[in-house]
Amino acid sequence: MAETFWDNLVPYYGGPLSGRIYLAYSDTDSVFIKIFTKDLVGDLTSPTLRPIIDFSNWDPVKYPHLVNSQKKNEFGRLKNELGSDTFIELIAASPKCYCVVTQNEKLKKAAKGTSKHLMKKNLTAERFKEAVFEGRVIRTTTNAIRSLKLKLYTMEVVRTAISGVSDKVYIFDDGITTLPLGHYKIEEMK
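A brief look at the structure comes next. (Residues numbered from 1 in each chain as written. Predicted model: local features only at pLDDT ≥ 70, side-chain atom pairs only at ≥ 80, totals over all residues. Heavy atoms only, no water.)

## Considerations on unusual backbone geometry
Positive phi, close to 60°, is recorded for Glu105, a residue that is not glycine. Here Glu105 shows up in the loop between strand S7 (97-102) and strand S8 (107-111). A relative accessible area of 73% means that Glu105 is categorised as exposed. (Helix = DSSP H or I, 4+ residues; strand = E, 2+ residues; numbered from the N terminus. Buried < 20%, exposed > 50% of the residue type's maximum accessible area, 1.4 Å probe, protein only.)

## Observations concerning the pattern of salt bridges
Counting across every chain of the model gives three salt bridges. Between Glu89 and Lys129 there is a salt bridge, with the nearest N and O atoms lying 3.2 Å from each other. Linking Glu89 in strand S6 (residues 87-94) with Lys129 in helix H3 (residues 125-134), this pair joins segments that are 40 residues apart in sequence. On the accessibility criterion, Glu89 (29% relative accessible area) is partly exposed. Here Arg136 and Glu130 are joined by a salt bridge, their closest N and O atoms 3.2 Å apart. Look at Arg136 and you get partly exposed, because its relative accessible area is 42%. Through salt bridges with shared partners, a single ionic network connects Glu130, Glu134 and Arg136. (Salt bridge = Lys/Arg side-chain N within 4 Å of Asp/Glu carboxyl O.)

## Considerations on H3
All buried positions along H3 are accounted for by Ala125, Phe128 and Ala131. Buried residues of H3, seen end-on, are gathered within an arc of 125° and therefore sit on one face of the element. Residues of H3 that are exposed and point more than 90 degrees away from the buried face comprise Glu126, Phe133 and Glu134. Buried residues belonging to H3 abut S6, S7, S8, strand S9 (137-148) and strand S10 (151-163). Phi turns positive one or two residues past the end of H3, at Gly135, with a value near 75°. (Arc of directions from axis to C-beta. Contact = heavy atoms within 4.5 Å.)

Here is the structure:
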């Protein structure tokens, strides 16, 4: 089996929590946290983790003891982008092109270079799955006003909204495990 990103986890805390927390650092400025727990909210609000997490976008009615607007957007704090909603499914074609399906059946979508209107209208969770698992390229068409030689023109622009193809990483047959192109382990894992 191919070694995955999560095989190199560093234990962070395993004290009086209901589960274990592991940190993994990527080659960018991101920190990934993998939590094995029976009580996620209870573990996140423990005295050990509470100082590093920003709860300002959580539901103040459901979690009044956590919400503190003074700590909102404070540098260095981890933030749950979905607030107190829980995600069920993540479909990611690339770091800036993903779709998150939440427990309340809301979609949080991002596709770099695609307008919010087109994302809302054309890009569904099924379209993201087509791109990632079937290798399809999903394109969107929009009208734009452009200037050429000091004259304004209206143009119909076709852009790639979602692409399951990557030119920076080697994607293994499972469609999930990746390694950077040129990595020494690619040949032995094939």
